[in-house]
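Residues per chain, in single letters:
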Amino acid sequence: MEIKGSILGEKLTEKQRLLDVLNGKDTDRPPVICPGGMMNAAVTEVVEGMKKNHNCDIDAMVEAAIKVHEITGFENYGVPFCMTIESEPFHVEVDLGSKLVEPRITKYNEDILNHLDEIKLEHSKRAITVLEAISRLKNNEIPVIGNITGPMSVVTSVIEPTDYYKMMRKDKVKAMKFLDIVTDYLIRFSMEMIENGADLIAMSDPSATGEILGKKNFEEFMIPMYKKISEAVHEKGVKIIIHICGKSQSILESLNDSGADSLSFDSAVGIRQAKEVLRAPIMGNVSTQLLDQGMKEKVKLCTEIVMKNGTSIVSPACGLAMSTPIENLKAMTDTVKNKG
Amino acid sequence: MTKKELFEEIKNNLIEMEEDVVEELCKKSLEMDIPAKETIQEGLIAGMEVVGQLYEEEEYFLPEVLICSDAMNIGIDVLKPHLEGDVSSDKIRAVIGVVEGDTHDIGKNLVKIMLEAGGIEVHDLGRDVALDEFIHKAKEIEAHFIIMSTLMTTTMEGMKVVIEKLKAEGMRDSVKVAIGGGPISQRFATEIGADLYTKDANEAVRKIKEIHEAA
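These numbers come from a predicted model, not from an experiment. (Residues numbered from 1 in each chain as written. Chains lettered and ligands numbered in written order. Predicted model: local features only at pLDDT ≥ 70, side-chain atom pairs only at ≥ 80, totals over all residues. Heavy atoms only, no water.)

A. Spatial organisation of the pattern of salt bridges. Throughout the structure, instances matching the rule amount to 36 salt bridges over all chains. Its salt-bridge partner being Asp128(B), residue Arg104(A) comes within 3.4 Å of it at the nearest N-O pair. With Arg104(A) in strand E3 (residues 104–107) and Asp128(B) in the loop between strand E2 (121–124) and helix H6 (131–141), the pair connects residues from two separate chains. Given a relative accessible area of 17%, Arg104(A) falls into the buried group. Residues Glu169(B) and Lys139(B) are paired through a salt bridge, measuring 2.7 Å at the closest nitrogen-oxygen approach. Here Lys139(B) lies in helix H6 and Glu169(B) lies in the loop between helix H7 (157–168) and strand E4 (176–180), a separation of 30 residues in the sequence. Classification of Lys139(B) by relative accessible area gives partly exposed; the value is 45%. Residues participating in the shared-partner salt-bridge network are Arg17(A), Asp28(A), Arg29(A) and Glu75(A). (Salt bridge = Lys/Arg side-chain N within 4 Å of Asp/Glu carboxyl O. Helix = DSSP H or I, 4+ residues; strand = E, 2+ residues; numbered from the N terminus. Buried < 20%, exposed > 50% of the residue type's maximum accessible area, 1.4 Å probe, protein only.)

B. The sheet that holds strand E5 (residues 196–197) of chain B, seen in detail. Residues and elements named next belong to chain B. An order of E2-E1-E3-E4-E5 is seen for the 5 strands of this open sheet, with the pairing classed as parallel. Either end of the sheet is taken by a strand with one partner, and the two such strands are E2 and E5. Here 5 bridges tie strand E1 (residues 93–98) to strand E3 (residues 145–149), and the two strands are oriented parallel to one another. Residue Ile 96 lies in a different strand from E3, and its bridge partner there is Ile 147. The strands that helix H9 (residues 201–214) touches are E3, E4 and E5; relative to E3, the one it contacts most, it runs at about 150 degrees. (Pairing = 2+ DSSP bridges. Contact = heavy atoms within 4.5 Å. Axes fitted to C-alpha atoms, helices over the stretch in contact; angles between N-to-C directions.)

C. Geometry of the nonpolar core. Ranked by size, the top nonpolar core spans 164 residues in total, and within it Phe90(A), Tyr164(A), Phe178(A), Phe218(A) and Leu44(B) carry the most contacts. Sorting elements by how many residues they give to this core places helix H7 (residues 172–195) of chain A first, with 12 residues. Leave out the neighbours within four places in its chain, and Phe178(A) touches Phe90(A), Ile112(A), Leu113(A), Leu116(A), Val155(A), Val158(A), Ile159(A) and Tyr164(A). Ile163(B), Ile179(B), Ala194(B) and Tyr197(B) belong to the second-largest nonpolar core, a separate cluster that totals 26 residues. (Core = buried A, V, L, I, M, F, W, Y, C linked by side-chain atoms within 4.5 Å.)

D. Structural context of the pairing of strand E5 (residues 200–204) of chain A. Residue and element names in this part refer to chain A. Among the 5 residues of E5, 5 are classified as buried, and the element is accordingly described as predominantly covered. The pairing of E5 with strand E6 (residues 239–244) spans 5 bridges and is parallel. Across the sheet, Ala 202 pairs through a bridge with Ile 241, a residue of E6. In this region the chain leaves E5, passes through helix H8 (residues 210–235) and returns to the parallel neighbour E6; the handedness of that crossover is right-handed. (Right-handed = clockwise from strand over helix to strand, strands pointing away.)

E. Structural context of the sheet that holds strand E7 (residues 262–265) of chain A. Residue and element names in this part refer to chain A. With parallel pairing, the 7 strands of this open sheet are ordered in space as E1-E4-E5-E6-E7-E8-E9. Each edge of the open sheet carries a strand with a single partner, namely strand E1 (77–79) and strand E9 (313–316). Across the sheet, the mean angle from the axis of one strand to that of its neighbour is 25 degrees, orientation sign disregarded. Lying on the sheet, helix H1 (residues 14–22) is in contact with strand E4 (144–149), E5, E6, E7 and E9; it crosses E9 at an angle near 105 degrees. Contacts between helix H4 (residues 125–137) and the sheet are confined to E1 and E4, with E1 contributing the most and set at about 170 degrees to the helix.

F. The side chain of Ser287(A), seen in detail. All names here are of chain A. Take Ser 287: it is sitting in the loop between strand E8 (282–286) and helix H10 (288–293). What makes Ser 287 buried here is its relative accessible area of 18%. Apart from the residues within four sequence positions on either side, Ser 287 is in contact with Ser 267, Cys 302 and Ala 317.

G. Region of interest: unusual backbone geometry. Note the cis peptide between Val79(A) and Pro80(A), where omega equals -5 degrees. Position of Pro80(A) relative to the elements: it lies in the loop between E1 and strand E2 (93–95). The backbone of Asp128(B) shows a phi angle near 55 degrees, a positive value even though the residue is not glycine. In this structure Asp128(B) comes out as partly exposed when scored by relative accessible area, which is 25%. Backbone geometry places Glu142(B), a non-glycine residue, at a positive phi of 50 degrees.

H. Molecular detail of the interface of chain A and chain B. Opposite the 22 residues of chain A that make contact, chain B presents 22 residues. Summed over both sides, the interface of chain A with chain B buries roughly 1,900 Å², with 56% coming from carbon and sulfur. Its largest share of buried area at the contact with chain B, chain A owes to Arg104(A), Lys166(A) and Arg169(A), together 27% of the area lost on that side. Across the pair Asp70(B) and Lys166(A) runs a salt bridge whose closest N-O atoms are separated by 2.6 Å. (Buried area = accessible area lost by both parts, 1.4 Å probe.)

I. Spatial organisation of the packing of helix H1 (residues 3–15) of chain B against helix H2 (residues 19–31) of chain B. Residues and elements named next belong to chain B. Their axes nearest at 9 Å, the elements H1 and H2 cross at an angle of 160 degrees. By the criterion of interaxial angle, the relationship of H1 to H2 is roughly antiparallel. For the pair H1 and H2, the sense of crossing is left-handed. Contact residues: Leu 6, Glu 9, Ile 10, Asn 13 and Leu 14 in H1; Val 21, Val 22, Leu 25, Cys 26, Lys 28 and Ser 29 in H2. (Parallel < 35°, antiparallel > 145°, perpendicular 65-115°, else oblique. Left-handed = near helix turned anticlockwise from the far one by under 90°.)

Here it is, written out as structure tokens:
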């Protein structure tokens, strides 16, 4: 079944299939992945039997990544499982949650704005855990995805989001400077992920939606940052996927300049519509609400529609709820694999 | 400058995000002996209504709406001490917050801004709010509405708990419950017995006023 697109009947590995798609090559079928980070599949049913918190313990982190692959059928490993790690070097307070509750920021650090010039960023303990997890997960067959949270989402995790959104209008220079500092840290983190064995980088930036920022702000603030990150990743010979949340219709065209090798949207954006505008292959976008609350027959149907509409990589549309049943995730991955 | 011209100036400067000018103009309205309530209504709130329209038409986005709202609040701060009589007693009073377990509050903040612009008295409990806190605050201010939002499916059940608690306290008849946020739907609202679900901030203001008038 899986010989098309590879040489002399040699089995196409999950890693090769994903990289082929990102390189614009034809494959036997689309890969089905759940990258990690904001969009991770370490749902309650996957992690509930584990002893330690997969958000901070190295063994648990590696174990959770492997379990996601084995139990749900997603064709990748991906770490971490939250979007708070990139904010830790900026001295925010994080509630690590438990293995059943996602970590979240509990206290901002507004004071950082007074020290932008002398800022010195050190990896948090958990960032180092992520790097080590990647090196442990590294292998020849299954792609390992290093996940980063996008610059706008980090900035609005470090300081009060409304303060930052206002700063974008009132003190553009400072707003840009802060965004730039965060972006440089994200580049550094992704470079180290690649050095430790990540096969590709996935970045989610849920706070940078077209609905919140509008096209003009998005082009002025976000595109240069995305470009910078993409270029740095490309210099290492690695590909990058960018995910944007919400109704992104107004910024679709701008994303052609982001440098992403694949773009992913919430189910609010239709695959066909996105394909008309975008050059890069589309990743997506099986509704996460359906995955959480729907019947598995419907999940199967939705997955088939997404494939028919021409998605290049099948994936959930956004972050999965912890309560998403494995049964539904399996229905999704099986549907893709059976279409091969 | 006539009263009408002054209101127009306040409105336009609010829309143009000129906080300092709005502040000056509101002070001027007091020098001109214009009743504070009138300036709030015809200048500040009228301006925010236009901002709401611009947001709906995708001319303005969150950064602009937030700054306009600041301008409105600066104006209100100037005028508030000069409000005559107890004007707040006939206002709709609402408690708003993001339910426990969730810290995403952009949507909630936007609803709060639009409610305030709509002349509703809003008591904001912030984000990650303990469920009992909604009840306590509603009791304290004799709220007409409890408004809850969440962006996470994991925390949706908390809304149901609040409604149960209201029943247990014998407050369910006097407090209406409105809910919203990414994963919330009309179906969920009906299922847990909430009075109102809206998909955006402007709709929330309209519907809350309708429900209040009907009650």
